[in-house]
Amino acid sequence: MTRIDGRAFDMLRPVTITTDFVEFPEGSCLITCGNTKVLCCASVEERAPFHVPEGTGWVTAEYSMLPRANRDRSKRDISKLKLSPRSAEIQRLVGRSLRAAVDMTKLGERTITVDCDVLQGDGGTRTASVTGGYVALALAVRRLMKEGALRQNPLKTPVAAVSAGIVGDRLLLDLCYEEDSAAQVDLNCVMTGDGALVEVQGTGEGRAFTIEEQRKLVDLCAEGIRELGAMQRAALGG
């Protein structure tokens, strides 16, 4: 089966990460994965939520799609007076993933919020949000350290994410929209820089799948995440 964009089964879409894309956040980047484009902005607030232990900080995320990020216009969440279930699910995933990168005791009593706004969606918006969100988070931490607000680097490990799936009974990495919409099995994988799993979301869309197939999909994601990690390091200057 020839993929719609001519990639091999184990190839990522072309990825670019443009840092400091906007001026005001403590850290920001624009990540593009094929035709998916997500703006990630990290903002620092000098207080922590009430639910965290005294002396520690917190990292959270918010996720949204612009009305014309898709092929048809979608309504803004604010017009419905509540976050859509999909957006709520994705921002919880992004927040959990980014917290895996941070030692909250070293962050101190502050909150870093990473806003992930999808400018254009073509599959993989949640995984792009994790990968780009980490870069924005790392830039915000770098700024805090440069300003002397942090004495120790709270970042423990990078995190990145990618999708894989089974389409026409073939395993494919980094699904674009057309592949994702036709996938028999869809899986999103988040990993740390040393290869530990943060989260695996696998769904049998068109059929059930085996444990062996799940392992193969995770292994495929691991290869892609290693490549994404190298791109993150390059974007952050090594």
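Before reading on, note that the structure itself is shown above.
Here is a short report on the structure shown in this document. Nothing here was measured: the structure is a model prediction, and the numbers come from that model.

### Section: the overall build of the protein chain
Looking only at helices and strands, one finds 5 helices and 9 strands in the protein chain. Listing the helices and strands of the protein chain from first to last along the sequence gives β-β-β-β-α-α-β-α-β-β-α-β-β-α. In terms of overall dimensions, the protein chain is globule-like: its C-alpha atoms have a radius of gyration of 18 Å, near the 18 Å expected for 238 residues. The C-alpha extent of the protein chain, read off along each of the three principal axes, is 55 × 40 × 30 Å. For the protein chain, the residues scored as buried account for 50% of the 238 residues in total. Long-range contacts, defined here as pairs at least 24 residues apart, represent 69% of the contacts in the protein chain between residues at least 6 apart. Surface summary for the protein chain: the accessible area is close to 11800 Å², and the carbon and sulfur share equals 50%.

### Description of the sheet that holds strand E5 (residues 111-120)
Here we have 5 strands laid out as an open sheet, ordered E1-E2-E3-E5-E4, and mixed in their pairing. With one partner strand each, in any of the chains shown, strand E1 (15-19) and strand E4 (58-65) form the two edges of the open sheet. Recorded for the sheet is a direction-independent mean angle of 20° between the axes of neighbouring strands. Here strand E3 (residues 36-45) runs beside E5; their pairing, made up of 9 bridges, is antiparallel. Of the residues in E5, the one forming a bridge with Val 44 is Ile 112. Set on the sheet, helix H1 (residues 85-99) makes contact with E4 and E5; between it and E4 the angle comes to about 145°.

### Some details on the sheet that holds strand E6 (residues 159-167)
Strands sit in the order E7-E6-E8-E9 across an open sheet of 4 strands; the sheet is antiparallel. Here the strands that pair on one side only, and so sit at the sheet edges, are strand E7 (170-173) and strand E9 (197-204). Along the sheet, successive strands turn relative to each other by an average axial angle of 15°, direction set aside. Relative to the sheet, H1 contacts E6, strand E8 (185-192) and E9, its axis offset from that of E9 by approximately 150°. Contacts from helix H5 (residues 211-235) reach E6, E7, E8 and E9 within the one sheet, and its direction differs from that of E6 by about 140°.

Here is what the cut-offs are and how they apply
- Residues numbered from 1 in each chain as written.
- Predicted model: local features only at pLDDT ≥ 70, side-chain atom pairs only at ≥ 80, totals over all residues.
- Heavy atoms only, no water.
- Helix = DSSP H or I, 4+ residues; strand = E, 2+ residues; numbered from the N terminus.
- Rg over C-alpha atoms; globule rule 2.2 N^0.38 Å.
- Buried < 20%, exposed > 50% of the residue type's maximum accessible area, 1.4 Å probe, protein only.
- Contact = heavy atoms within 4.5 Å.
- Areas by Shrake-Rupley, 256 points an atom, 1.4 Å probe, with all protein chains shown as cover.
- Pairing = 2+ DSSP bridges.
- Axes fitted to C-alpha atoms, helices over the stretch in contact; angles between N-to-C directions.

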